[in-house]
Amino acid sequence: MNKDIIKRLKEEYGKELDAFYKKDSSHGWSHVEDVAKNALEINRKMILNLNEEHLVLVALFHDIYSDTDRENHHTLAADWFIKFMIKQDKYSTSDILEMSLAIKEHRASYNGEYSSLLSEVLAAADRGAPNLDSLIIRSSKYYLEKEPNRDLKTVAEDVYKH
C-alpha cells in the first residue's frame, strides 16, 4: 500500500483540513487517515485500479464539517471541496465533480445508487473493518463532545444504537 501518498496529500492540504479536524476527536485526523488506508487497501485487494490520489483526497476531505453540522456535513463538505479544488487548478472539472459526489454519498444513511465506484469505495472504507473497541470509543467521544453533561447510561444507550 502506498502510504506515502497519504502523507504527501496530508502535508499538501493539512493546513486547510486542520481547521476542521483538530477540534473533532471522533471524526478527526486518525479517522480520516484510517479511511484513506482502507480505501487504498480495498482498491488494491479488489484490483479496481482507481486513481489512488483521488481515493486519498476523498478520504481526507469526507468528514469536514462533522464537528459543526453532523447531519449535513456530507453536503457541506462536497460543496466546499468543489470550490476549494477549483481554486487549486490541479484536477479536471469532471474529476472534481466525481470526487465531490463521493464525499456527498459516503454516509451510511445514503440510500441512493452510488454515482461511481469511487463513491462506493469511500463509503465502504468509511465503514471500515469493524473494530468494536474503536467504534465504542469514537461514538462515546462524539456524544460526550456534543453534550458534555450527559449521564453515562444515556451515552451508552446512544452508542449501542449507533
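These numbers were taken from a predicted model, which means no experiment stands behind them. Each chain carries its own residue numbering, running from 1 in the written order of its sequence. It should be noted that, the model being predicted, local features are given only for residues of pLDDT at least 70 and side-chain atom pairs only at 80 or more, the latter also being counted only at that level, while totals for whole chains, interfaces and linings use all residues. For the side-chain quantities, the full set of heavy atoms in the structure was used; hydrogens and water were omitted.

(A) Region of the structure containing the overall build of the protein. Numbering of helices and strands runs from the N terminus, with a helix taken as a DSSP run of H or I at least four residues long and a strand as a DSSP run of E at least two residues long. Counting its secondary structure elements, the protein contains 8 helices and 0 strands. Scanning the protein from its N terminus toward the C terminus, one meets helices and strands in the order α-α-α-α-α-α-α-α. Each residue is placed in one exposure class: buried if its accessible area under a 1.4 Å probe, protein chains only, is under 20% of its type's maximum, exposed if it is over 50%, and partly exposed if it falls in between. Within the span of the protein, comprising 162 residues, buried residues form 41% of the whole. Working rule for contacts: check all heavy atoms of both residues, and any pair within 4.5 Å makes them a contact. Residue pairs in contact within the protein that sit at least 24 positions apart in sequence constitute 59% of those at least 6 positions apart. Total accessible area computed for the protein in this model is approximately 9,300 Å², and 51% of it derives from carbon and sulfur atoms. Per-residue and other accessible areas were derived by the Shrake-Rupley procedure at a 1.4 Å probe size, with only the shown protein chains allowed to occlude residues.

(B) Main features of unusual backbone geometry. A positive phi angle, near 55°, is found at Asn 49, a position not held by glycine. Here Asn 49 is to be found in the loop between helix H2 (29–45) and helix H3 (52–61). Backbone geometry at Asp 89 places phi at a positive 55°, although glycine is not the residue there. Mapped onto the elements of the fold, Asp 89 is located in the loop between helix H4 (73–88) and helix H5 (93–104).

(C) Focus on H4. Here, expected helix span is obtained from the residue count minus one, scaled by 1.5 Å. In a regular helix each residue adds 1.5 Å, so 16 residues correspond to 22 Å; H4 covers 22 Å between its end C-alpha atoms and thus fits that length. Buried residues of H4: His 73, His 74, Ala 77, Ala 78, Phe 81, Phe 84 and Met 85, and no others. Summarising the axial view, the buried residues of H4 lie within an arc of 140°, below the 170-degree limit, and thus occupy one face. Among the exposed residues of H4, those oriented more than 90 degrees off its buried face are Lys 83, Ile 86 and Lys 87. What the arc describes is the spread of directions from the helix axis to the C-beta atoms.

(D) Region of interest: the nonpolar core. Only buried residues count toward a nonpolar core, which is a set of Ala, Val, Leu, Ile, Met, Phe, Trp, Tyr and Cys residues joined through side-chain atoms within 4.5 Å. Counting 34 residues, the largest nonpolar core has Tyr 13, Val 56, Leu 57, Leu 60, Phe 61 and Met 85 as its most contacted members. The element that contributes the greatest number of residues to this core is H3, accounting for 7 residues. Setting aside residues no more than four positions away along its own chain, Met 85 makes contact with Tyr 13, Leu 57, Phe 61, Lys 90, Tyr 91 and Ile 96.

(E) Inspection of the packing of aromatic side chains at higher detail. The criterion for an aromatic pair is that two Phe, Tyr or Trp rings (for Trp, the six-membered ring) have centres within 6.5 Å, with stacked assigned to planes under 30 degrees apart, edge-to-face to planes over 60 apart and tilted to the rest. Within the structure shown, the criterion is met by 6 aromatic pairs. Measuring from ring centre to ring centre gives 5.7 Å for Tyr 13 and Phe 84, while their planes differ by 75°; the resulting arrangement is edge-to-face. Here Tyr 13, found in helix H1 (residues 3–21), pairs with Phe 84, found in helix H4; they are 71 residues apart in sequence, far enough to count as distant. Looking at Tyr 13, the relative accessible area reads 1%, which means it is buried. Members of the aromatic cluster, connected to one another through ring pairs, are Tyr 13, Phe 61, Trp 80, Phe 81 and Phe 84.

(F) Representation of the packing of H4 against H5. Contact geometry of H4 with H5 gives a least axis separation of 8 Å together with a crossing angle of 160°. Classified by the interaxial angle, the pair formed by H4 and H5 is roughly antiparallel. At the point where H4 passes H5, the crossing takes the right-handed sense. Contacts between H4 and H5 involve His 74, Thr 75, Ala 77, Ala 78, Phe 81, Ile 82, Met 85 and Ile 86 from the first element and Ile 96, Leu 97, Met 99, Ser 100, Ile 103 and Lys 104 from the second. Just so you know the grouping, Ala, Val, Leu, Ile, Met, Phe, Trp, Tyr, Cys and Pro go in nonpolar, Asp, Glu, Lys and Arg go in charged, and all remaining residues, Gly too, go in polar. Class assignment for the residues of the contact of H4 with H5 results in 10 nonpolar, 3 polar and 1 charged. Every axis corresponds to a line fitted to the C-alpha atoms, with the helix fit spanning only the stretch in contact, and the corresponding angles, defined between N-to-C directions, vary from 0 to 180 degrees. The cut-offs work like this: below 35 degrees is roughly parallel, past 145 is roughly antiparallel, 65 to 115 is roughly perpendicular, and the gaps in between are oblique. For a crossing to be left-handed, the near helix must be turned anticlockwise from the far one by less than a right angle; the clockwise case is right-handed.

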